[in-house]
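Overview (structure and organization)
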Amino acid sequence: LSRYDESDNSVVCLDKNMRVGRTSSEEAKGLGVFAKRNMKKDTIITSTPLVPLHRSELDVDDPDVNQHQLMLNYVFGHPDSDLLLLPIGPMVNFINHNNEKPNAVVRWHTVKEQHQQQGALERRQEYHHPELFLVPVDTVVKAHGRGLMMDIIALRDIGKDEEIFLDYGPDWQKAWEEHKNNFERFVKPQMLMNPDDLNYISAARYVANSKDDAVYRTDFEQGLDPYPENVKFYCFYQQHEDEFQKEDSEVEDAYRKELTASRGFRHFSFNDHPDHPCMRPCAIVERYQSDEDDEPRYSVEMFKQDNKHVMYYCSISMDYFYKDVPHSDIRLLDREYTTDVLMPHAFRHEIGVPNGFYPDTWMRKKLRNRWSSDFDYRDDFKKKLARKEVIAEYLAMVNAERAYSTDESADE
């Protein structure tokens, strides 16, 4: 942002037009996006890259939790398509819904004619590849190195400090109304009958409200004064060198010999490493005061708990003990699958795109040829991005990349 210059079309300042603040929406009751300056109708409020996802990727195969990932609430989609689009631009996911008075709408990012003629793209536009409109969903989600972008456009003049709203669409509105009605009629009465639901408190709120967070209770102390069942401890650590350097079989053999000699205990010290980028579940075994400062120190037990998402440099081959862990490097967090957003009745629905936003090629086969005329992108698509023209542009780009690679190889 420090290099931003309005006269330089190759750079865009993503927070020029908007900021995040407390929403004015009574239903949202959280954060929202507000205009930082006055904007005229049709102003591009912001642009955002989109990550294409297949709808099935957000399904959860676990009967005890919600059947869809929370991410579903932040993606854009069409009910008749399996393609979902996740915006990853700054602040975009804070834009709230208003079906009565929206002041913004999503549009596909467009490539300026002069750049098409020159065969070059602005840096802010080179990530948008309209040739993906011509291929089916399965190809779009696997198109590495080629992405899509969309703009959020002002539907009318927007004043400074006015909150920006999108219309999430009639399907989203209907799903939200049904969710509210079902919650009042069925879910809330069940919660009143279940003390565990009534007493639920998230880890973040528990820590914020706790008066004894100056020290953490050990396992023994928790037997007399337990923490809520839905929270547990996580500790920061650094993988020990022999874990990183040896093969798994060598590590296991070495540990087995050492465990026999040390009666089942393997110790490392937090002070063995200057940095501690990893974090995993732990249990507090002992608490003591440091001679160096007033911060409590702990001996903790680190748990292996296989997880395919753990980076290789954070994996450990078995449980072990870690001493001298500072209070500031221990976190009390929500236990897996216990937060209220994962409850089976929690709201899930994608944000709807405007009619005609998705091309026919992205629709399920039995629903092709239903591109609505309510949205004017189709005419624009025909004029500027006709099939032969787009394919020719794409092939030219590929050939240029190949020629560039060949030239580089020749220079070497």
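In short, a report on the structure. Treat the numbers as computed from the prediction; the structure is a model and nothing was measured.

Our focus in this paragraph is the overall build of the protein. The helix and strand tally for the protein stands at 10 helices and 16 strands. Among the 412 residues that make up the protein, the fraction classed as buried is 40%. Within the protein, counting contacts between residues at least 6 apart in sequence, those at least 24 apart form 71% of the total. Approximately 25,100 Å² of the protein is accessible, and the part contributed by carbon and sulfur atoms is 49%.

Turning next to the state of the cysteines. One pass over the structure, following the stated rule, counts one disulfide. Here Cys235 pairs with Cys282 through a disulfide, and the sulfurs are 2.0 Å apart. Judged by the sign of its S-S torsion, about 70°, the bond between Cys235 and Cys282 is right-handed. Placement of the pair is Cys235 in strand β10 (residues 231-237) and Cys282 in strand β12 (residues 278-289), with a sequence separation of 47 residues. Owing to a relative accessible area of 7%, Cys282 belongs among the buried residues under this scheme.

A few words now on the nonpolar core. Core analysis: the largest hydrophobic core is formed by 38 residues, its most contacted members being Ile45, Trp108 and Trp362. Secondary-structure elements contributing two or more residues to this core are β2 (31-35), β3 (44-54), β5 (83-87), β7 (104-108), α2 (137-140), β8 (148-154) and α3 (170-193). Top contributing element to this core by residue count: β8, with four residues. Grouped together as the second largest cluster of nonpolar side chains are 23 residues, Phe233, Tyr237, Val300 and Met302 included.

Turning to the sheet that holds strand β4 (residues 76-77), a few remarks are in order. Across the sheet, which stays open at both edges, the six strands sit in the order β7-β8-β3-β5-β4-β16 with mixed pairing between neighbours. Taken across any chain shown, the strands that pair with only one partner, and hence form the sheet edges, are β7 and β16 (351-352). Note: β4 against β16, two bridges, orientation parallel. The residue bridging Phe76 from the neighbouring strand is Ile351, located in β16.

Okay, the packing of aromatic side chains next. Tallied over the full model, the rule gives 14 aromatic pairs. Pairing Trp176 with Phe347 gives two aromatic rings, centres 5.1 Å apart and planes at 85°, and the pair type is edge-to-face. Note that Trp176 is positioned in helix α3 and Phe347 in the loop between β15 (330-334) and β16, a separation of 171 residues in sequence. In this structure Trp176 comes out as buried when scored by relative accessible area, which is 17%. Here the aromatic residues Trp108, Phe133, Phe357, Tyr358 and Trp362 are joined through ring pairs into a cluster of three or more.

Counted under the stated rule, the structure contains 10 salt bridges. The partner of Glu162 in a salt bridge is Arg156, with the nearest N and O atoms 2.5 Å apart. Under the relative-accessibility criterion, Arg156 is labelled partly exposed at 35%. A salt bridge links Glu221 to Arg287; the shortest N-O distance between them is 2.9 Å. Within this pair, whereas Glu221 is found in helix α6 (residues 219-224), its partner Arg287 is found in strand β12, the two being separated by 66 residues in sequence. Residue Arg287 is classed as partly exposed on the basis of its relative accessible area of 29%. Among the charged side chains, a network of salt bridges with common partners joins Asp293, Glu295 and Arg297.

Take the environment of Leu70 next. By secondary structure assignment, the location of Leu70 is in the loop between β3 and β4. The exposure class assigned to Leu70 is partly exposed, which follows from its relative accessible area of 34%. Here the alpha-carbon distance between Leu70 and Asp59, two residues 11 residues apart in the chain, equals 9.9 Å. Apart from residues no more than four positions distant in its own chain, Leu70 is found in contact with Val341 and Arg348.

This part covers unusual backbone geometry. A positive phi angle, close to 75°, is found at Met91, a residue other than glycine. Note on placement: Met91 falls in the loop between β5 and β6 (96-97). Judged by its relative accessible area of 18%, Met91 is buried. Phi at Asp161 is positive, roughly 70°, even though this residue is not glycine. Its location among the elements puts Asp161 in the loop between β8 and β9 (165-166).

Conventions we followed
Residues numbered from 1 in each chain as written. Predicted model: local features only at pLDDT ≥ 70, side-chain atom pairs only at ≥ 80, totals over all residues. Heavy atoms only, no water. Helix = DSSP H or I, 4+ residues; strand = E, 2+ residues; numbered from the N terminus. Buried < 20%, exposed > 50% of the residue type's maximum accessible area, 1.4 Å probe, protein only. Contact = heavy atoms within 4.5 Å. Areas by Shrake-Rupley, 256 points an atom, 1.4 Å probe, with all protein chains shown as cover. Disulfide = S-S within 2.5 Å. Core = buried A, V, L, I, M, F, W, Y, C linked by side-chain atoms within 4.5 Å. Pairing = 2+ DSSP bridges. Phe/Tyr/Trp six-rings, centres within 6.5 Å; stacked < 30°, edge-to-face > 60°. Salt bridge = Lys/Arg side-chain N within 4 Å of Asp/Glu carboxyl O.

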